Amino acid sequence: MAEISDVFFVDGVRTPFGRAGEKGMYWNTRADDLAVKATIGLMERNSAVPADRIDDVAIAATSQTGDQGLTLGRSVAILAGLPQTVPGLAVERMCAGAMTSVTTMAASIGVGMYDFALAGGVEHMGHHPIGGNADPNPRFVAEKMVDPGALNMGVTAERIFDRFPHLTKERSDRFGMLSQHKVQAAYDAGKIQPDLVSVAIKDAEGAWGLATEDEGRRPQTTMEDLAALKTPFRPHGRVTAGTSSPLTDGATMSLLAGGGAVKEFGLAPKMRMVSFAFAGVQPEIMGIGPIPSTEKALKKAGLTIEDIGLFELNEAFAIQVISLLDHFGIADDDPRVNQWGGAIALGHPLAASGVRLMIQLAAQFAERPDVRYGLTAMCVGLGQGGSVIWENPHFDGKKKK
């Protein structure tokens, strides 16, 4: 008989993230092959788990068409060489696609239906620009359900500045600059590379190469550089390319397991799921979505924001992260937040990003036995937020000196 189970994040990997477009390193690489590479890399790294014990494969993509369609979880599982007895599905919740893959599989594990699941996401924004194949219902605008600007993420970010005037452009610029600097410091310290799966790539001339690092980093960024950038979403606006996540291609994949399976195979999980929540807000100002989703997740966990020792927040826009930090009384430069930088520097391949947050949090947990709980959270297009709270299995109850 099935029993309620704990849910564990056993491991996670990702491809290096590449710039979207013809000049990006993945222009001649299929989207599904990126997901296949992440899946193979994850299974090779966790060879103690028999492939035929995977109960399901959930892979998210925002634009489910072309090389990013055809029920990704199933097609990628077959292409990655998993037994054909392993089923799969596709997930779509825009930016929180991979996060939703994880929470959906976690729910199945939690009620005892699954022992193991793979959950991740892929987005090839070069092949499939955001909204490129979308046909929004005209009722959204005609019946004034949603302002037209709600379909442009940059416009929604500008509206956070409008709503909260004390969140200044200078604060946003500084956050964006520090993201670049923190990512490079993490690379220099070898923090990021262990969880990257290299990808064979081909250039326009047909020459083969190897993608081993995130392509879009700009570590030399200064405040002066950012102050001089144009504001593409509004004349004299405050959102720039330097405070936004760039258009990015990449894939992520995680291995989840229930308590019984962890014990059966003697696994050493990297995190235990405590709670998760999704919430809706006005689409016109979608960036504040993680605020109510985090409040819901904290309530479900019986925790407060003070219990969270590490934060991995998706940097869709700097102002979006700052609005959450400001709401909870956390400083923009709090050392608990995005220790190794975030999407402004690494990129945000939409449906893949949620698992990147988890990968980085898990790696930080291993270094911080003084921290018990961590949060992964992100805003979502059309006015949503998603949050997952995790417990550190390495926690020893001792305060950091």
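Keep in mind it's a predicted model, so treat the numbers as computed, not measured.

Rules used throughout
Residues numbered from 1 in each chain as written. Predicted model: local features only at pLDDT ≥ 70, side-chain atom pairs only at ≥ 80, totals over all residues. Heavy atoms only, no water. Helix = DSSP H or I, 4+ residues; strand = E, 2+ residues; numbered from the N terminus. Rg over C-alpha atoms; globule rule 2.2 N^0.38 Å. Buried < 20%, exposed > 50% of the residue type's maximum accessible area, 1.4 Å probe, protein only. Contact = heavy atoms within 4.5 Å. Areas by Shrake-Rupley, 256 points an atom, 1.4 Å probe, with all protein chains shown as cover. Lys, Arg positive; Asp, Glu negative; His and termini not counted. Charge placed at Lys NZ, Arg CZ, Asp CG, Glu CD. UniProt positions renumbered as here; feature names shortened; annotations may be inferred. Polar contact = N/O pair within 3.5 Å; in protein donor to acceptor, adjacent residues only side chain to side chain. Axes fitted to C-alpha atoms, helices over the stretch in contact; angles between N-to-C directions. Parallel < 35°, antiparallel > 145°, perpendicular 65-115°, else oblique. Left-handed = near helix turned anticlockwise from the far one by under 90°. Nonpolar A, V, L, I, M, F, W, Y, C, P; charged D, E, K, R; others polar.

Draft legend 1. Looking closely at the overall build of the protein. Secondary structure summary: the protein contains twelve helices and twelve strands in total. For 401 residues, the compact-globule estimate of 2.2 N^0.38 gives 21 Å, and the C-alpha radius of gyration of the protein, at 20 Å, lies within 12% of that figure. Principal-axis analysis of the C-alpha atoms gives the protein an extent of 60 × 55 × 50 Å. Here the protein holds 401 residues, and 57% of them are scored as buried. Sequence-distant contacts, at least 24 apart, represent 79% of the contacts inside the protein between residues at least 6 apart. When the accessible surface of the protein is summed, it comes to about 16,400 Å², and 54% of that surface belongs to carbon and sulfur atoms. Positive and negative charge centroids in the protein, built from 38 and 46 side chains respectively, lie 4 Å apart.

Draft legend 2. Representation of the UniProt feature "active site" (unreviewed entry) in the protein. Sequence positions flagged by UniProt for "active site" (unreviewed entry) are, in local numbering, Cys95, His348 and Cys379. The named residues occupy 285 residues along the chain; their greatest pairwise C-alpha distance, 11.8 Å, places them in one compact cluster. With respect to the helices and strands, the residue Cys95 is situated in the loop between strand E4 (89-91) and helix H3 (97-110). Look at Cys95 and you get buried, because its relative accessible area is 7%. With respect to the element layout, Cys379 can be found in strand E11 (residues 373-380). With sequence-adjacent residues up to four places away left out, Cys379 is seen in contact with Cys95, Met286, Gly287, Pro290, Ala316, Gln320, Gln384 and Gly385.

Draft legend 3. Spatial organisation of the side chain of Ser323. By the element assignment, Ser323 lies in helix H10 (residues 318-327). Residue Ser323 is classed as buried on the basis of its relative accessible area, which comes to 4%. Here Gln320 takes part through its backbone oxygen, which lies 2.7 Å from a polar atom of the side chain of Ser323.

Draft legend 4. Examining the packing of helix H5 (residues 153-163) against H10 more closely. Two numbers describe how H5 lies on H10: the axes approach to 9 Å, and their chain directions differ by 40°. As judged from the angle between their axes, H5 and H10 are oblique. The element H5 and its partner H10 pack so that their crossing is left-handed. The segment H5 lies against H10, with Ala157, Ile160 and Phe161 engaging Ile319, Gln320 and Ser323. In terms of residue class, the contact of H5 with H10 is made up of four nonpolar, two polar and no charged.

Draft legend 5. Local environment of the packing of H3 against helix H12 (residues 353-367). Orientation of H3 relative to H12, taken along the N-to-C sense of each, is 70°, at an axis distance of 4 Å. With respect to each other, H3 and H12 are oriented roughly perpendicular. Here Ala98, Met99 and Val102 of H3 lie close against H12, whose contacting residues are Gly354, Val355 and Met358. Residue composition of the contact of H3 with H12, grouped by class: five nonpolar, one polar and no charged.

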